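Residues per chain, in single letters:
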2 protein chains.
Amino acid sequence: MSDKKIYFACSIRGGRDDAETYGALVTHITTQAVVLSEIFADRKLTPSGSPGLSADIYAKDISWVQQADAIIAEVTNPSLGVGYEIAKAEEWDKPVLALFHETGERKLSAMIDGSPNLLVVRYMDIDEAKLAIDSFIRSLE
Amino acid sequence: MSDKKIYFACSIRGGRDDAETYGALVTHITTQAVVLSEIFADRKLTPSGSPGLSADIYAKDISWVQQADAIIAEVTNPSLGVGYEIAKAEEWDKPVLALFHETGERKLSAMIDGSPNLLVVRYMDIDEAKLAIDSFIRSLE
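What counts, and at which threshold
- Residues numbered from 1 in each chain as written.
- Chains lettered and ligands numbered in written order.
- Predicted model: local features only at pLDDT ≥ 70, side-chain atom pairs only at ≥ 80, totals over all residues.
- Heavy atoms only, no water.
- Pairing = 2+ DSSP bridges.
- Helix = DSSP H or I, 4+ residues; strand = E, 2+ residues; numbered from the N terminus.
- Contact = heavy atoms within 4.5 Å.
- Axes fitted to C-alpha atoms, helices over the stretch in contact; angles between N-to-C directions.
- Buried < 20%, exposed > 50% of the residue type's maximum accessible area, 1.4 Å probe, protein only.
- Right-handed = clockwise from strand over helix to strand, strands pointing away.
- Least-squares fit on C-alpha atoms with pLDDT ≥ 70 in both.
- Buried area = accessible area lost by both parts, 1.4 Å probe.
- Salt bridge = Lys/Arg side-chain N within 4 Å of Asp/Glu carboxyl O.
- Polar contact = N/O pair within 3.5 Å; in protein donor to acceptor, adjacent residues only side chain to side chain.
- Nonpolar A, V, L, I, M, F, W, Y, C, P; charged D, E, K, R; others polar.

### What to know about the sheet that holds strand β3 (residues 70–74) of chain B
Residues and elements named next belong to chain B. Taken together, the five strands give an open sheet; going across it, the order is β2-β1-β3-β4-β5, and neighbouring strands pair in parallel fashion. Both outer strands of the open sheet, β2 (34–35) and β5 (119–123), are each paired with one neighbouring strand and no more. Bridge count for strand β1 (residues 5–9) against β3 is four bridges, and the pairing is parallel. From the neighbouring strand, I6 faces β3, where its bridge partner is A70. Taken strand by strand, helix α1 (residues 19–29) contacts β1, β2, β3, β4 (96–101) and β5, and its axis lies near 175° from that of β1. Contacting β1, β3 and β4, helix α3 (residues 80–91) runs over the sheet at an angle of about 155° to β3.

This is the structure:
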């Protein structure tokens, strides 16, 4: 168990189609590190998002990104917030792992896929994503 | 006609449902300023995006954001790239106008809606969006 702090980024208001995957990934990450944004994987969270003012949510989430040692983002479902947070993490020189579920239905944004400042891993099944997470967290030590 | 350079950001690989709106907005902006990313509003552009490597697209688009005096983003359709570009524009102290079409179907990301560094305008019809653009471009002078 590492004492690293991970910010897990995923779509909330952009759509919760992949909520089950988010849950499985966060459960896996918590075996190895602290996940600041564990709440994002809650399957009860709908696209209405967390209650409260957007400005308060923004302040809390940005503070978590600042505190984090690294970011793991699930980027299959398009999301303005995830794109924004990835850019902030890059600005603050935090390592970013972007996990994209390759189903043939979607094409990953060129701004994520083409960024020289982050690691993109395409996975076909959840075990591949978990292996990428293990390797990424080891690289932070 | 201002000589200001505007980067227009909109969803491409995230989905092209709002392509007609993007076209109308870009046509309107070009009456007042130079739009570096005019191609993004092309109705022939599909979610497959522009041809070419993601790294090349990234380099070109980021260079346009750097050259721009300001960013106008249509943020109704969730998009990783648009979220990323908005954060880059904030990092580089460029004014950002984010236009959200209020239809009741979607809820704007808290990371955009709650950011203290940009101007969010919700519009019900395209004329409201055009008025917001006029006012924003005037504010750049």
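### Focus: helix α1 (residues 19–29) of chain A
Residue and element names in this part refer to chain A. Counting buried residues along α1, eight of its 11 residues qualify, which places the element largely inside the surrounding structure. Taken as a whole, α1 has its buried residues at A19, T21, Y22, G23, L25, V26, H28 and I29. Tucked inside the fold, the buried residues of α1 contact β1 (5–9), β2 (34–35), β3 (70–74), β4 (96–101), β5 (119–123) and α5 (126–140).

### Considering the pairing of β3 of chain A
For β3 of chain A, a buried count of five out of five residues is recorded, marking the element as mostly surrounded by other parts of the structure. Read as a crossover between parallel neighbours, the route from β3 of chain A over helix α3 (residues 80–91) of chain A to β4 of chain A is right-handed.

### Comments concerning the relation of the copies chain B and chain A
Between chain B and chain A, which share one sequence, the superposing operator has a rotation angle of 180° and an axial displacement of 0.0 Å; the RMSD is 0.0 Å. One copy is carried onto the other by what is essentially a two-fold rotation axis. Comparing interface residues between copies, 100% of those in chain B also lie at the interface in chain A; the contact surface is shared.

### Notes on the interface of chain B and chain A
Each partner contributes to the interface: chain B provides 35 residues, whereas chain A provides 35 residues. Between chain B and chain A lies a buried interface of about 2,900 Å² when both sides are counted; carbon and sulfur atoms form 67% of it. Counting the surface chain B buries against chain A, the share from its top three residues, R13, L80 and M111 of chain B, is 27%. Summed over the shared surface of chain B and chain A, the result is two salt bridges. Our count for the chain B to chain A interface comes out at 10 residue pairs in polar contact (both at pLDDT 80 or more). Here the element with the most residues in the side of chain B that touches chain A is α3 of chain B; it accounts for 11 residues. A per-class count over the side of chain B that touches chain A returns 17 nonpolar, 10 polar and eight charged.

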